[in-house]
Amino acid sequence: MIKWKLAVFFVCLLPLGFLGLGIYREDLGPNPVEYLTHETGAWALRLLLVTLAITPLRRFTGWRRPVLLRRMLGLFSFFYACLHLLIWLWLDRELQWGSMLADILKRPYITVGFAAFLMLLALALTSNTFSMRRLGRGWKTLHRLAYVAAVLGILHFIWLVKADLLQPMIYLGVFLFLMLARLPALPERKPAPFRRKVTS
Ligand code: HEM
């Protein structure tokens, strides 16, 4: 499993690597700040959807190992959301807290993005085993916020694009598909037991 975890860890770092390379080569297009904001936002949303795809994947294939990758995938979604917020705060708003607050209060797509960010923050802070034990059954309820964060992230995207809705609609389609895949009426495959490697 450790090999899988390492592989997924490095795959999740690839977008960051490409962005770093783009910065180094000064090859981020005519508006680098906009490019970085878009890419980090898109990766936060993509990884959140991948995290939400783990349970349906287990239901239909009986394959349980990806469940062990869920926490890492969720934390990477939060990591890209942090970069997204940081780039906006630092490079776009130039750390002017007043103008940032005004944007959060006045521009609906920023309000919604900020709400999604706060939810991802709550999920990341409680993703550890200690919080799981302390919150008991409440932990599962709290972690359903991941669906709300995904809806808000998609709404944030729909709201900010003025003309071409194709991309946010694709994310919405994926989200709806993942929700349908959770319907209890759908047939489920029994999870296969974890197999340990026998070493002699
Ligand atoms: C405080 C929180 C947030 C702020 C201030 C913020 C701000 C922004 C801004 C300024 C843009 C570019 C808008 C433009 O081009 O006019 C953007 C794009 C985007 N944001 Fe956020 N955002 C926040 C949180 C989030 C979160 C939590 C997610 C995902 C879960 C997200 C996903 C996206 C996506 C997918 C895009 C569009 C990417 C693309 O064009 O491909 N944002 N955001």
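As the structure is a computational prediction, the values presented were derived from the model and not from experiment.

1. Regarding the overall build of the protein chain
If you tally the helices and strands in the protein chain, you get 9 helices and 0 strands. Sequence-ordered secondary structure for the protein chain, helices as α and strands as β, is α-α-α-α-α-α-α-α-α. Once the C-alpha set of the protein chain is aligned to its principal axes, its extents read approximately 60 × 40 × 35 Å. For the protein chain, the residues scored as buried account for 20% of the 200 residues in total. Expressed as a percentage of contacts within the protein chain between residues at least 6 apart in sequence, the contacts between residues at least 24 apart total 69%.

2. Brief notes about the site of the ligand
Neighbouring the ligand are 22 residues, the closest being His38, Gly41, Gly113, Ala116 and Gly153. Among the elements that line the shell around the ligand, the one with the most residues is helix H2 (residues 32-61), at 8 residues. The residue inventory of the shell around the ligand, partitioned by class, reads 14 nonpolar, 7 polar and 1 charged.

3. Some thoughts on helix H1 (residues 2-24)
For the α-helix, the turn length of 3.6 residues means that residues three or four positions removed from each other point alike. In a regular helix each residue adds 1.5 Å, so 23 residues correspond to 33 Å; H1 covers 32 Å between its end C-alpha atoms and thus fits that length. A bend of about 35° at Leu14 is the largest found in H1, and the proline Pro15 appears one to four places after it. Where burial is concerned, little of H1 is hidden: 2 out of the 23 residues are buried. Where H1 ends, the next residue or the one after it, Glu26, has phi of about 50°, a positive value.

4. Overview of the packing of H2 against helix H8 (residues 145-160)
In contact at an axis separation of 10 Å, H2 and H8 are set at 145° when each is read in the N-to-C sense. Here H2 and H8 pass one another in a crossing that is left-handed. Each of Ala44, Leu45, Leu48, Leu49, Thr51 and Leu52 in H2 lies in contact with H8, whose residues at this interface are Ala146, Tyr147, Ala149, Ala150, Gly153 and Phe157. Its residues assigned to classes, the contact of H2 with H8 comprises 10 nonpolar, 2 polar and no charged.

5. Here's the deal with the nonpolar core
By size, the foremost hydrophobic cluster in this structure holds 30 residues, and its most contacted members are Leu47 and Leu120. Elements with a minimum of two residues in this core: H1, H2, helix H3 (70-92), helix H5 (108-125) and H8. Ignoring sequence-local partners within four residues, the contact set of Leu47 consists of Cys12, Leu73, Phe76, Ser77 and Tyr80.

6. Some details on the packing of H2 against helix H9 (residues 166-180)
Orientation of H2 relative to H9, taken along the N-to-C sense of each, is 20°, at an axis distance of 10 Å. Viewed along their axes, H2 and H9 adopt a mutual orientation that is roughly parallel. Crossing handedness for the pair H2 and H9: left-handed. In contact with Leu45, Leu49, Leu52, Ala53 and Pro56 of H2, H9 contributes Tyr171, Val174, Phe175 and Leu178. Residues of the contact of H2 with H9, tallied by class, amount to 9 nonpolar, no polar and no charged.

7. A closer look at unusual backbone geometry
At Glu94, a residue that is not glycine, the phi angle is positive and equals roughly 50°. Relative to the assigned elements, Glu94 resides in the loop between H3 and helix H4 (97-106). We note that Leu95 has phi near 55°; this positive angle belongs to a residue other than glycine. Along the chain, Leu95 falls in the loop between H3 and H4.

8. A word on the environment of His84
Structurally, His84 can be placed in helix H3. For His84, a count of 22 C-beta atoms within 10 Å gives the class buried. Considered as a pair, His84 and Thr40 are 44 residues apart in the sequence and their alpha carbons are 5.0 Å apart. Apart from the residues lying within four places of it in its own chain, the contact partners of His84 are Thr37, Thr40, Gly41 and Ala44.

Cut-offs used in this document
Residues numbered from 1 in each chain as written. Predicted model: local features only at pLDDT ≥ 70, side-chain atom pairs only at ≥ 80, totals over all residues. Helix = DSSP H or I, 4+ residues; strand = E, 2+ residues; numbered from the N terminus. Buried ≥ 20, exposed ≤ 12 C-beta atoms within 10 Å, placed from the backbone. Contact = placed C-beta atoms within 7 Å. Near = placed C-beta within 6 Å. Nonpolar A, V, L, I, M, F, W, Y, C, P; charged D, E, K, R; others polar. Expected span 1.5 Å × (residues − 1). Bend = angle between axes of the 7 residues up to and from the residue. Axes fitted to C-alpha atoms, helices over the stretch in contact; angles between N-to-C directions. Left-handed = near helix turned anticlockwise from the far one by under 90°. Core = buried A, V, L, I, M, F, W, Y, C linked by C-beta atoms within 7 Å. Parallel < 35°, antiparallel > 145°, perpendicular 65-115°, else oblique.

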